[in-house]
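For reference, the chains in residue letters:
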Amino acid sequence: MAISYSWNVSTVDTYPTHNSQSDVVYNVHWRLKATDDANNDAEVYGSQTLDTSDLSSFTAFADLKASDVQGWVESALGAEKVTEMKSSLDAQIAEKVTPTSVTKTLG
């Protein structure tokens, strides 16, 4: 069972102006979705504040790509946390495929 992961990082909070730059992204509202071959899925979401103290490699808002923002989020979360989230999503999908508990109602 192969599981693929997709990030949604399209919703961001910006400072209108910050350190002489416009529309500086400082917070990202993200979703990480896992989907297996049978279209079972699981999702986790949150928000991540970004460090805006050094804007030496600033990218104008109009030029931002989702892959840029995803990279910032993954970097800010840390590789260990991202791996932990993916493992949790894998476990949620496994539970859907082969439940360890089922709730039933007496007739």
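Data block above holds the structure.
The model shown is predicted, which means the values in this text are computed figures rather than measured ones.

Draft legend 1. Local environment of the overall build of the protein chain. Per the secondary structure count, the protein chain includes two helices and three strands. Going from N to C terminus, the protein chain has its helices and strands arranged as β-β-β-α-α. By the compact-globule yardstick of 13 Å for 107 residues, the protein chain is too spread out, its C-alpha radius of gyration being 18 Å. Principal-axis analysis of the C-alpha atoms gives the protein chain an extent of 65 × 30 × 25 Å. Counting only residues that meet the buried cut, the protein chain has 22% of its 107 residues in that class. Partitioning the contacts of the protein chain with sequence separation of at least 6, the portion at a separation of at least 24 is 58%. If you sum the accessible surface of the protein chain, you get close to 7,200 Å²; carbon and sulfur atoms cover 47% of it.

Draft legend 2. Main features of the sheet that holds strand β2 (residues 21-36). Strand order in the open sheet formed by three strands is β1-β2-β3, with antiparallel pairing between adjacent strands. Across the chains shown, the open sheet's two edge strands, defined by having one partner strand only, are β1 (3-18) and β3 (41-49). On average, adjacent strands in this sheet sit at an angle of 15° to one another, irrespective of strand direction. Sheet topology places β1 next to β2; 13 bridges connect them, and they run antiparallel. Following the sheet pairing, Asn-8 is matched in β2 by Arg-31.

Draft legend 3. Highlighting the environment of Leu-77. As for its placement among the helices and strands, Leu-77 is situated in helix α1 (residues 66-77). A residue is classified by how much of its surface remains accessible, and Leu-77, at 19% relative accessible area, is buried. With 13 residues separating them in the primary sequence, Leu-77 and Leu-64 have C-alpha atoms 19 Å apart. The contacts of Leu-77, once residues within four sequence positions are left out, are Trp-7, Trp-30, Gln-48, Val-82 and Met-85.

Draft legend 4. Molecular detail of the packing of aromatic side chains. Per the counting criterion, the structure on display carries two aromatic pairs. Ring centres of Tyr-15 and Tyr-26 lie 4.1 Å apart, and the angle between their planes is 15°; this geometry places the pair in the stacked category. Of this pair, Tyr-15 sits in strand β1 while Tyr-26 sits in strand β2, and the two are 11 residues apart along the sequence. On the accessibility criterion, Tyr-15 (30% relative accessible area) is partly exposed. Residue classification places Tyr-26 among the partly exposed positions, given a relative accessible area of 24%. Taking the ring centre of Tyr-45 as reference, the NZ or CZ of Arg-31 above it sits at 4.8 Å. Its end group placed over the ring of Tyr-5, Lys-86 keeps NZ or CZ at 4.9 Å from the ring centre.

Draft legend 5. Spotlight on the nonpolar core. With 17 residues, the main nonpolar core has Trp-7, Val-9, Val-28, Trp-30, Val-73, Leu-77 and Met-85 as its most contacted residues. Contributing elements (two or more residues each) for this core: β1, β2, α1 and α2 (79-97). Top contributing element to this core by residue count: β2, with five residues. Not counting chain neighbours up to four residues away, the residues in contact with Trp-7 comprise Trp-30, Arg-31, Leu-32, Gln-70, Val-73, Glu-74, Leu-77, Val-82 and Met-85.

Reading the values: the criteria
- Residues numbered from 1 in each chain as written.
- Predicted model: local features only at pLDDT ≥ 70, side-chain atom pairs only at ≥ 80, totals over all residues.
- Heavy atoms only, no water.
- Helix = DSSP H or I, 4+ residues; strand = E, 2+ residues; numbered from the N terminus.
- Rg over C-alpha atoms; globule rule 2.2 N^0.38 Å.
- Buried < 20%, exposed > 50% of the residue type's maximum accessible area, 1.4 Å probe, protein only.
- Contact = heavy atoms within 4.5 Å.
- Areas by Shrake-Rupley, 256 points an atom, 1.4 Å probe, with all protein chains shown as cover.
- Pairing = 2+ DSSP bridges.
- Axes fitted to C-alpha atoms, helices over the stretch in contact; angles between N-to-C directions.
- Phe/Tyr/Trp six-rings, centres within 6.5 Å; stacked < 30°, edge-to-face > 60°.
- Lys NZ or Arg CZ within 6 Å of the ring centre and 35° of its normal.
- Core = buried A, V, L, I, M, F, W, Y, C linked by side-chain atoms within 4.5 Å.

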